[in-house]
Amino acid sequence: MPDPALLRSAIRDVVDFPKPGIVFKDITPILSDPALFRDSITLLCDTAGGVKIDKVVGIDARGFIFAATVADRLGAGFVPVRKKGKLPWKTRQIAYSLEYGESVVELHEDAVCPGEKILLVDDLLATGGTAAAAVKLLDQLGADLVGVSFLIELAFLGGREKLLPHPISSILSYD
Ligand code: AMP
């Protein structure tokens, strides 16, 4: 069974990146370690609770790494939620505020069909603005959102409140 403590000890805190006052959680040491990367994917897959997932939706950009790999492992499709202007087809979009700045995310309007079972995956839950925007897009398309899963949750920022009542999972929580 994967040990989340090993993942936690691999995460590198980078102080004042990308702005003063932000402690950036650098997950690249997990990605570059074959065992840790596999363990992180196993733990994220477990958050689906055995439900047959149709599509895993990942958030630009680090979320893609985890979501696409989880999708492959679960035998599901992968759908990207991207920052404004990157998706070529017809999109739905939502503006939201970040822990550091403002942004707009988009989803192809035919990427998810009504009733499809969706797992939303991102690397990190901070204020919850990004994931909440993605959830709104999925709700608009009639998705059956099975869960919202993160490798890391900065619990002290209270972001999960913005995602209720959807089931939220995080592998590592920081108080
Ligand atoms: P938020 O919308 O505030 O929940 O921000 C979440 C998004 O911003 C995630 O996609 C993260 O990749 C990124 N992010 C926010 N804060 C941090 C942080 N302290 N360390 C690493 N990534 C972060």
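Scroll up to find the structure.
Read on for an overview of the structure. Everything quoted here is computed from the prediction, not taken from an experiment. (Residues numbered from 1 in each chain as written. Predicted model: local features only at pLDDT ≥ 70, side-chain atom pairs only at ≥ 80, totals over all residues. Heavy atoms only, no water.)

So, about helix H4 (residues 62-74). Residues that lie three or four places apart on an α-helix share one face, since the helix turns once every 3.6 residues. For H4, with 13 residues, the first-to-last C-alpha span of 19 Å sits near the 18 Å given by 1.5 Å per residue. Packed against the buried residues of H4 are helix H2 (28-31), helix H3 (34-46), strand S3 (55-59), strand S4 (77-83), strand S7 (117-125) and strand S8 (144-154). Directly beyond the C-terminal end of H4, a positive phi value near 70° is found at Gly75. (Helix = DSSP H or I, 4+ residues; strand = E, 2+ residues; numbered from the N terminus. Expected span 1.5 Å × (residues − 1). Contact = heavy atoms within 4.5 Å.)

Right, let's talk about the pattern of salt bridges for a bit. In the structure shown here, the tally under the stated rule is seven salt bridges. One salt bridge connects Arg82 with Asp60, and the closest N-O pair in it is separated by 3.3 Å. Taken together, the residues Arg82 in strand S4 and Asp60 in the loop between S3 and H4 connect sequence positions 22 residues apart. Here Asp144 makes a salt bridge to Lys117, at a shortest N to O gap of 2.7 Å. Pair noted here: Asp144 is in strand S8 and Lys117 is in strand S7, with a separation of 27 residues, a long-range link. Look at Lys117 and you get partly exposed, because its relative accessible area is 30%. (Salt bridge = Lys/Arg side-chain N within 4 Å of Asp/Glu carboxyl O. Buried < 20%, exposed > 50% of the residue type's maximum accessible area, 1.4 Å probe, protein only.)

Across its twelve residues, helix H5 (residues 129-140) extends 17 Å between first and last C-alpha, which sits within 8% of the 16 Å expected from 1.5 Å per residue. Within H5, nine of the twelve residues are buried, which leaves the element mostly enclosed by the surrounding structure. Buried within H5 are the following residues: Gly129, Thr130, Ala131, Ala132, Ala133, Ala134, Val135, Leu137 and Leu138. In this structure, the buried side of H5 is in contact with S3, S4, strand S5 (91-98), strand S6 (101-108), S7 and S8.

Looking at the secondary structure, you find Arg12 in strand S1 (residues 12-15). C-alpha of Arg12 to C-alpha of Ile65: the two residues are 53 residues apart in sequence and 18 Å apart in space. Once residues lying within four places of it in the same chain are set aside, the contact partners of Arg12 are Phe24, Lys25, Asp26, Thr28 and Pro29.

You can see Lys25 is positioned in strand S2 (residues 23-26). In this structure Lys25 comes out as buried when scored by relative accessible area, which is 9%. At 2.8 Å, the side chain of Lys25 and the side chain of Asp13 are in polar contact. (Polar contact = N/O pair within 3.5 Å; in protein donor to acceptor, adjacent residues only side chain to side chain.)

Grouped together as the largest cluster of nonpolar side chains are 28 residues, with contacts concentrated most on Leu7, Val56 and Leu151. Those elements that place two or more of their residues in this core are helix H1 (4-10), H3, H4, S7, S8 and strand S9 (168-174). In terms of residue count, the dominant contributor to this core is H3 (five residues). Aside from chain neighbours lying at most four places away, what touches Leu151 is Leu7, Ile27, Ile30, Ser40, Leu44, Phe66, Asp122, Asp123, Ser170, Ile171 and Leu172. By size, the runner-up hydrophobic cluster in this structure holds 27 residues, among which are Ala131, Ala133, Val148 and Phe150. (Core = buried A, V, L, I, M, F, W, Y, C linked by side-chain atoms within 4.5 Å.)

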